[in-house]
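Structural overview for review
Listed below are the residues making up each chain.
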Amino acid sequence: MAPTPATVSDRHRLSLAPIDTPERLLLGPGPSNAHPTVLEALSRSPIGHLDPLYVALMGEVQELLRYTWQTDNRLTLPMSGTGSAAMEATIANVVEPGDTVLVAVKGYFGLRLQDMAGRYRANVQTIEKPWGEAFTLEEIEAGLKQHKPKVLAIVHAETSTGVCQPMEGIGELCRQHDCLLLLDTVTSLGAVPLYLDEWKVDLAYSCSQKGLSCPPGLGPFSMGPRAEAKLMARTGKVPNWYLDVSLLNQYWGSDRVYHHTAPVNMNFGMREALRLIAEEGLENVWARHRRNAERLWTGLERLGLELHVPSALRLPTLTTVRIPEGVDGKAFSLHLLNKHGIEVGGGLGALAGKVWRIGLMGYNSREDNVDLLLNLLEQELPAFRSAAPAVAAAVA
């Protein structure tokens, strides 16, 4: 007797209309709105990931990433994954069990670096600063002398706090102490001055969805000669196959040997995003971000709002503004989103419930966006202030 065929279950079957998403102005910590030209590139028909046309495009993406990072590093490429994949790639490729990794923690993403390094069985040590401050050169040097690490990991643009870490002299200290310098540039690449080679950075990573004005999905990665030498001297294989740069180099290098099916259309978008930066010119891009950030800072202070980070350390891409006493910060953020389609971020970790995080990144770093948000804060924030002071006065 023939077996009875299984019956198809409709338990999880949905009947849906075609996707229809609302327009949003993304002025939070990321993603930012992608440039229309980038979105157009993403919608093009895919081609094969070994097609000669695509292979040529890969080289263009690599060269433009070198320009945007100001580096000559041979191993510069976009990881197939978000910024966190590129972050993990920096650790996976150079950290071996027992290596001492010193993480300079001054915010949420320093903690993530600490967590990742521990998962690769590093001897993780930390130096720490309050969330809203940066490290001095003397503090970095003291940490290097005390812990003698193989790798120093530090965040250039700390997205959780809005702090831009001064980098002058750190790379030189790492050379003096025979230590690799690993730099998080997730919220600075394509928007804030970055000089990997001049700063003697050995490993760097970023993302596609902030200063580059591209949707999330790629993680730019760069490895300098000193880090490459440590990779080649490993006693065992890189424990993460997908992120193993010694394998990826065979695809992104001259051989073009298949490793994995690349996200072709994401690299179409990345190519256009980087082309637009080169067309505008890095100096002009950096100046635009700075100019619009200063316009925002001046406007916020004019409204009586307090900025969390001292002016000398503020990120042009991400501003942390303290939520005023008596204001439900989450309720106001939801109001902006639901009524005006504008997203601003809340605080993370030690700053949860204490700050809003306002992003001006890439395509979104424009005067009209600054003025729109300032006008809404001026007109509509007063309605969200509670009567707490009046109540307290009455009780007294």
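In case you missed it, the structure is sitting above this.
Residues numbered from 1 in each chain as written. Predicted model: local features only at pLDDT ≥ 70, side-chain atom pairs only at ≥ 80, totals over all residues. Heavy atoms only, no water.

Here the focus is the pairing of strand β14 (residues 355-359). Where burial is concerned, most of β14 is hidden: five out of the five residues are buried. Every second residue of β14 is oriented toward a common face, with Val-355, Arg-357 and Gly-359 on one face and Trp-356 and Ile-358 on the other, all of them buried. Pairing geometry for strand β11 (residues 318-322) and β14, over five bridges, is antiparallel. Of the residues in β14, the one forming a bridge with Val-321 is Trp-356. Pairing analysis gives two bridges linking strand β13 (residues 345-346) to β14, with the strands arranged antiparallel. Bridge pairing in β14 links Gly-346 to Trp-356. (Buried < 20%, exposed > 50% of the residue type's maximum accessible area, 1.4 Å probe, protein only. Helix = DSSP H or I, 4+ residues; strand = E, 2+ residues; numbered from the N terminus. Pairing = 2+ DSSP bridges.)

Let us look at the nonpolar core. Judged by nonpolar contacts, the single largest core of 85 residues is most densely connected at Met-79, Leu-113, Ile-140, Leu-152 and Ile-154. If near-sequence neighbours (up to four positions away) are discounted, Leu-113 is found in contact with Met-87, Ile-91, Val-103, Ala-153, Ile-154, Val-155, Leu-182 and Tyr-205. By size, the runner-up hydrophobic cluster in this structure holds 24 residues, among which are Trp-297, Leu-307, Ile-342 and Trp-356. (Core = buried A, V, L, I, M, F, W, Y, C linked by side-chain atoms within 4.5 Å. Contact = heavy atoms within 4.5 Å.)

Topologically, Leu-231 is positioned in helix α7 (residues 225-232). Sequence-wise, Leu-231 and Glu-380 are 149 residues apart; in three dimensions their C-alpha atoms are separated by 54 Å. If we skip the residues at most four places from it in the chain, Leu-231 touches Asn-93, Met-223, Val-238, Val-245 and Ser-246.

With 17 residues, helix α9 (residues 264-280) ought to run about 24 Å at 1.5 Å a step, and its terminal C-alpha atoms sit 25 Å apart, in line with that. With 12 of 17 residues buried, α9 lies mostly within the body of the structure. Within α9 the residues assigned to the buried category are Val-264, Asn-265, Met-266, Asn-267, Phe-268, Gly-269, Met-270, Glu-272, Ala-273, Leu-274, Leu-276 and Ile-277. Two residues or fewer after α9 comes Gly-281, characterised by a positive phi angle close to 95°. (Expected span 1.5 Å × (residues − 1).)

Attention now moves to the packing of aromatic side chains. One pass over the full model with this rule turns up six aromatic pairs. On the basis of an interplanar angle of 70° and a centroid distance of 5.5 Å, the ring pair of Tyr-195 and Trp-286 is categorised as edge-to-face. Highlighted residues: Tyr-195 in the loop between β8 (180-184) and β9 (203-205) and Trp-286 in helix α10 (residues 282-302), separated in sequence by 91 residues. Exposure remark for Tyr-195: the relative accessible area of 28% places this residue in the partly exposed category. With 5.1 Å between their ring centres and 75° between their planes, Phe-332 and Phe-384 make a pair best called edge-to-face. Taken together, the positions of Phe-332 in helix α11 (residues 329-340) and Phe-384 in the loop between α12 (367-380) and α13 (388-395) put the pair 52 residues apart, joining distant regions of the chain. The buried category is assigned to Phe-332, whose relative accessible area is 1%. Residue Phe-384 is classed as partly exposed on the basis of its relative accessible area, which comes to 25%. Here a set of aromatic residues connected by ring pairs shows up, and it is made of Tyr-195, Trp-199 and Trp-286. A cation over an aromatic ring shows up here: Arg-366 above the ring of Tyr-363, its NZ or CZ 4.6 Å from the ring centre. (Phe/Tyr/Trp six-rings, centres within 6.5 Å; stacked < 30°, edge-to-face > 60°. Lys NZ or Arg CZ within 6 Å of the ring centre and 35° of its normal.)

Attention now moves to the sheet that holds β14. Neighbouring strands of a sheet are bound in pairs by backbone hydrogen bonds; such pairs are parallel or else antiparallel. Within the open sheet, the three strands sit side by side as β11-β14-β13. Their pairing is antiparallel. Whereas interior strands pair on both sides, the edge strands pair on one side only; in this sheet they are β11 and β13.

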